[in-house]
Amino acid sequence: MLIEQPPLVYRLLFPGGHWRLPSKKEKVIYLTFDDGPIPELTPWVLDLLDRYNIKATFFCVGDNVRKYPEIYQDILDRGHKVGNHTYNHIQGIRTFTKNYIKNTQEAAEYIESPLFRPPHGHMRLPQFFKLRKKYKIILWDVVTRDYSNRLTPDDVLNNVKNYARNGSIVVFHDSLKAEKNMKYALPLAIEWLKEQGYVFKTIEEGLAEVSNEAVETNLHNSESDNRELVRDYR
């Protein structure tokens with residue numbers, strides 16, 4: 001569980017990072033896909049999402065976008081959103097901050113997005129705080145671990161069933177090492193989530209909804225404060 005759904009103490013290390021975007025209006029799931037695009041798997045994912053009329057968010061590796069620009073454009077043309085996942089899928093804790101930022105900037109030459117997700121789900125705190133000035137840092141509430149050769153396809157599916165909840169940001173991978181598990185688990189996970197009453201949105205939609213709710217709350221609080229001031233004045 002510590003991997004599939006990170007504990008609160010780990011989430012607190014990255015203040016302002018987005019792990020979950022619950023909705024007050026409906027049960028929402030945010031499907032995300034890391035490490036693509038690649039010709040062997042990303043088009044299959046796109047076709048599957050079209051079949052279910054789902055929009056998702058793809059955190060792309062810059063070098064893959066350079067190599068397969070037509071697949072990257074297809075992601076956008078089909079109405080999905082994208083995020084920066086560094087240029088070379090580098091690990092933050094094994095990379096000097098200066099080099100990590102440079103690698104992310106290199107990816108930004110190919111990926112225009114306000115979103116960033118660190119490969120492997122971790123980075124040094126200086127990297128986090130520097131990137132937070134430019135990006136919304138998107139982490140996860142459920143990682144399916146579809147990439148693991150220690151998990152069966154049913155294990156991956158059960159990770160979704162066991163941990164998904166309103167607002168979960170769920171991570172799959174359009175990468176070769178995840179292909180077997182993901183091709184089995186993704187369609188079944190979508191079917192199960194739909195049966196549970198979930199709707200699917202992009203990360204940007206969720207962030208906008210959270211922002212609007214915050215504005216509405218602030219307006220409500222301001223109106224209440226004004227009424228109290230009037231009563232006190234009287």
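So, a few notes on the structure that sits alongside this text. Nothing here was measured: the structure is a model prediction, and the numbers come from that model.

Now for the packing of helix 5 (residues 97–108) against helix 6 (residues 125–132). Following both chains from N to C, one finds helix 5 and helix 6 inclined at 40°, their axes separated by 9 Å at the closest point. One way to sum up the angle between helix 5 and helix 6 is to call them oblique. The handedness of the crossing between helix 5 and helix 6 is right-handed. Facing Thr97, Tyr100, Ile101 and Thr104 of helix 5, the residues of helix 6 in contact are Pro126, Gln127, Lys130 and Leu131. A class-by-class count of the residues in the contact of helix 5 with helix 6 yields four nonpolar, three polar and one charged.

Let's shift gears to the environment of Val82. With respect to the helices, strands and loops of the structure, Val82 is situated in strand 3 (residues 81–84). Between the alpha carbons of Val82 and Gly17 there is a distance of 17 Å; along the sequence they are 65 residues apart. Filtering out sequence-adjacent residues up to four positions away, Val82 remains in contact with Thr57, Phe58, Cys60, Tyr72, Ile75, Leu76, Ile111, Glu112, Ser113 and Leu115.

Attention now goes to the environment of Pro114. Of note, Pro114 is situated in the loop between helix 5 and strand 4 (115–116). By relative accessible area, Pro114 is classed as partly exposed at 40%. Once the C-alpha coordinates of Pro114 and Ile137 are considered, the two residues, 23 residues apart in sequence, prove to be 8.8 Å apart. Once you skip the residues sitting within four places of it in the chain, Pro114 turns out to touch Lys134, Tyr135, Lys136 and Glu204.

Let us now look at helix 7 (residues 153–163). Of the positions making up helix 7, those classed as buried are Pro153, Val156, Leu157, Asn159, Val160 and Tyr163. One side of helix 7 holds all its buried residues, which, seen down the axis, span an arc of 155°. Where the residues of helix 7 are buried, they touch strand 6 (142–143), strand 7 (168–173) and helix 8 (179–195).

Calculation criteria
- Residues numbered from 1 in each chain as written.
- Predicted model: local features only at pLDDT ≥ 70, side-chain atom pairs only at ≥ 80, totals over all residues.
- Heavy atoms only, no water.
- Axes fitted to C-alpha atoms, helices over the stretch in contact; angles between N-to-C directions.
- Helix = DSSP H or I, 4+ residues; strand = E, 2+ residues; numbered from the N terminus.
- Parallel < 35°, antiparallel > 145°, perpendicular 65-115°, else oblique.
- Left-handed = near helix turned anticlockwise from the far one by under 90°.
- Contact = heavy atoms within 4.5 Å.
- Nonpolar A, V, L, I, M, F, W, Y, C, P; charged D, E, K, R; others polar.
- Buried < 20%, exposed > 50% of the residue type's maximum accessible area, 1.4 Å probe, protein only.
- Arc of directions from axis to C-beta.

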